[in-house]
Amino acid sequence: MDPSPNSRNKALESLTVEMEQAQLEDSEERELKTLDRYQYNPLSTSDSIRVFQFHETRSQLECTIREIKLSDGGYTALSYEWGSHETPFRMIVRDHDGIALGYVPLTINLRSALADLRDTQGLESGQYWIDQITIDQSDNLEKGHQVKLMKDVYRNAFQVITYLGPHAQDMEGEAGALKLLSRIDTHFRPNYKYINSQSIEETYRYNLSELPVKDPPDNTFGNDPSWPALLSIVFGAWLRRLWMVQENILCSNTTMLRGRQELDWFSVAAIPILFYLELLPREVLNLELKNLRLTYDPGADCGPLSLTWDARHSHIYEKGESANFCSLAENLAFYDNLDCADPRDRIFAVLGVSKSASVLGIEPNYKIPVHQLYTQVSKRILIQDQDLYLLEVVGSQEVRSHSPLPTWAFAGTAHCMMDLFDFQPHPQKHSNIRFEDNDKIMVCKGLIVRQLRIVSEPVDWITFDLTRKDWIRFYIQIFELFSFVVKDAAKSGNSVTALVFAIIADPAWTSTILDATFYTWCFYRYLIVHLHAKAPDLVERQKPVCDEIQDATALLHRLLGDDDRVVHAPPWSPLTSEENQVGSELWSRILVEGRSIGITESDDICNVTGRAQQGDVLALLAGGELAYILRPFGDKYQYIGSAYHHEFVNGAAYRDMSPEEVDQEIQIV
C-alpha cells in the first residue's frame, strides 16, 4: 500500500528539519574555525564583574558577555567541578548585534553544565556568572582580584546552582533514582531541623533517639533497585570540592541541577548525613560505593558537609544571613580533606567564610610561591589570634617530606590523626608570640615538663569502609598499645591505670572515673572479647598473638592486684553486664587513631602524636590548650604535634608557681 499524503508530508518535513539542522551545524563549525580566542576587555572598576546571557541556539553554545556592578546582582552563579583542564569544546561570544567576537574554551564538564542550563525550563535568571567564562583565566592579576570578590559574588547572586552532572544515559534508571530521592526526602524531612540543632557528631552520639523519624519507610527499602543510580548522583565531586563550601553557603537561594532537573539542596545533601546517622542502610552504601568505584568516608566527609548544612539551615529556618563564620585557622582544619587544584586555594577558597580574613589582610595572589603564602598566613594567624590553635591544626596534618616550611606553619595537608580535647595545661590564654630570623623562628613562652623515654607504634588512621581484616588489624594495634604499657609497668613497678586517662584524653569525662583499676580491666576485657569475636583462631591458637595475650593477661592480673571483679579465666570469656557497660563506653571514646602512647622518663603515661619518638620533649606553652611535643634541634626545637597528659589538666603544673617565674623562651624552627 502506498503511503498516505499525510504520511509523505510528515516524512518530508522531518527530512527537511534534519537537513536544515545539518546545514546549521556545518555553518557553525565553519564559523568556529575562523574565530580566535575571545579577548576580554579589562574591567572598568574594582567592583565590577562580568555576566553572560545565552543565545537561543539548538546545538552550538553562544552567548553575549557584559560588565555589571557587583552590587547590581540579578544573576545566577554556578557551582560545579572543573574536572579535566583540557578544553575540547568552545562557546561563541557575540556582541549585541550578533557579530562573533571570538570563542571561550570549555572543559567537558562545563560544556555539559552550559547545555543543561540553557535548556532547563523555569530558571528565572537570564544571566549567569561562571568563573571559566566571566573571569579572564589567562590574567593572574584579574583572577586574584576576582577571587577576592568571590564572597560578594555568591552573596549578591539571585541564585546559586550546584551542578550534579548530566543525566545518565539510562533514563529509566535516572527516573527511578530521583523517585527514590523524593521518597527519602519526604520520609525523613521532619528530622532536618533537629539534625541541624547540634553538630552532626553530637546528634549521632547523644540525641539520635530524639529525632522524629528513626525508621525506614518499609522493610523493602534497602532492596530498592534504584540505589546505585541514586548514589552515583549524590556522591559526586560536589562533596569533595573546597570551593563548594562558600559557593553553597553565601546565597540564600541555592538549588541543585541534575541534567535539566532542578533538585532541592537539602534533599540531596541529606543523603550522606542520613547514611552517617545510620538512618539509611550502611550495607547499601558499603556495597554500592565499591561497585561504583566511588569513595566516601562518612566520619571524615560529613564534617565539612554538616557545616555547610548549618549555614543553609540558617537561611531557610532561621532567616539568618548565614551561619556564624569560623576563624581562618578553624576553616583550614575543618575543610582540610576537600579537594582543590591549586594548593593556594587551601587558603583563598575559605577566605569568604572566615570571620578573621579582613583583619588578617590576606589578598588572593596566584603568583606568590605556595610555601611563602603558607608561612605568611600562618604568621599572621598566630600574631592576630595570640593563641596556639594553629599548632593543633598543623600537628594533626600529614607532614610533607623535604618541605621548605617551618615546622610551625600550615602545610596544606589533610588530617592523619584524631584531634585531642582541650585541657588547658598552661594558665595563660595569650601566647605573646614573636618571630625572628626573617620569620623562620617562632618564639613563645613555656615550660618543658617531660621527656619521652619510650613511644609505642602509632595506631592506624582508620577509614569508613574497613574490611574484616582491617578491623582485626585495628583491634590488634590497640591490644599491642595496651600490652606495650603493661609490660613497661611490670618492669618499672608503676601503675598501669593511667592508660585509661591517656586513651580517652578527655578531661571532662575522665574526671568521672572513680575506679581506674576496674575501668582498665573492663577496657582490656572488652577489647579481647571483640578481637576474639572477629578472629577466634588468631586469639586462641596462633602464635605470637595468642602468647602475647596470655602474657599480657597474666601481667595485668598481677598489676591490678586482688580485685574480685578481675576474673581469672580466659580473657575472651563472656563479659559481665558491668564489664560490657564500662568497656563499651570506654571504647566509644578512645582517641588513638594516628596517635601513640608515650611513657616519659618520670614513668608517667601520655597520649602523643603518632610522629613522636624517644627523646622528644613535652612542653606547656602560653596560649595553648594542649601540651605540645617538640624535638630538640640544636639549641632550638622542631614542632612535632600535640599531646595529652592527665596530670597537667587545668594548669596543674603551675599550681604552686606562676608562669612569670618559671617559663622560658622557646624557639621553634
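Use the structure listed above.
Please read these numbers as outputs of a predicted model, since none were measured by experiment.

What counts and how
Residues numbered from 1 in each chain as written. Predicted model: local features only at pLDDT ≥ 70, side-chain atom pairs only at ≥ 80, totals over all residues. Heavy atoms only, no water. Helix = DSSP H or I, 4+ residues; strand = E, 2+ residues; numbered from the N terminus. Contact = heavy atoms within 4.5 Å. Buried < 20%, exposed > 50% of the residue type's maximum accessible area, 1.4 Å probe, protein only. Pairing = 2+ DSSP bridges. Axes fitted to C-alpha atoms, helices over the stretch in contact; angles between N-to-C directions. Parallel < 35°, antiparallel > 145°, perpendicular 65-115°, else oblique. Left-handed = near helix turned anticlockwise from the far one by under 90°. Nonpolar A, V, L, I, M, F, W, Y, C, P; charged D, E, K, R; others polar. Polar contact = N/O pair within 3.5 Å; in protein donor to acceptor, adjacent residues only side chain to side chain. Salt bridge = Lys/Arg side-chain N within 4 Å of Asp/Glu carboxyl O.

Caption draft 1: Local environment of the environment of Pro-105. Relative to the helices and strands, Pro-105 resides in strand S5 (residues 100-106). Sequence separation between Pro-105 and Pro-570 is 465 residues; the distance between their C-alpha atoms is 70 Å. With near-sequence residues (within four places) excluded, Pro-105 lies in contact with Arg-37, Thr-87, Phe-89 and Gln-132.

Caption draft 2: Focus on the pairing of strand S15 (residues 627-633). Of all the 7 residues making up S15, 5 are buried; the element is thus mostly covered by neighbouring parts of the structure. Between strand S14 (residues 617-621) and the antiparallel strand that follows it, S15, lie 5 residues; Gly-623 among them carries a positive phi value of about 85°. By the bridge criterion, 7 bridges tie S15 to strand S16 (residues 636-644) in an arrangement that is antiparallel. Counted as the bridge partner of Tyr-628 is Ser-642 from S16. Between S15 and S16, which pair antiparallel one after the other, the connecting turn spans 2 residues, and Gly-634 there sits at a positive phi close to 65°.

Caption draft 3: Examining the packing of helix H22 (residues 516-534) against helix H24 (residues 545-560) more closely. Interhelical geometry of H22 versus H24 gives an angle of 165° and a closest axis separation of 11 Å. Considering their axes alone, H22 and H24 lie roughly antiparallel with respect to each other. Relative to H24, the crossing made by H22 is left-handed. Together, Thr-517, Thr-520, Trp-521, Tyr-524, Ile-528 and Leu-531 of H22 and Ile-549, Ala-552, Thr-553, Leu-556, His-557 and Leu-560 of H24 make up the contact between the two elements. Of the residues contributing to the contact of H22 with H24, the split by class is 8 nonpolar, 4 polar and no charged.

Caption draft 4: Seen up close, the side chain of Thr-134. Its place among the elements puts Thr-134 in helix H3 (residues 131-134). Only 3.3 Å separates the side chain of Thr-134 from the side chain of Trp-129, close enough to count as a polar contact. Not counting the four nearest positions on each side in its chain, Thr-134 is found in contact with Arg-50, Val-51, Phe-52, Tyr-128, Trp-129 and Glu-142.

Caption draft 5: Focus on the pattern of salt bridges. Scanning the entire structure with this criterion turns up 29 salt bridges. For Asp-116, the salt bridge goes to Arg-260, with nearest N and O atoms at 3.8 Å. In this pair, Asp-116 sits in helix H2 (residues 108-119) while Arg-260 sits in the loop between strand S8 (254-258) and strand S9 (261-264), placing the two residues 144 residues apart along the sequence. In this structure, the salt-bridge partner of Glu-247 is Arg-241, at a minimum N-O distance of 3.1 Å. Arg-241 matches Glu-247 in its accessibility class, with the two residues each being buried.

Honestly, it's all geometry; don't read function into it.
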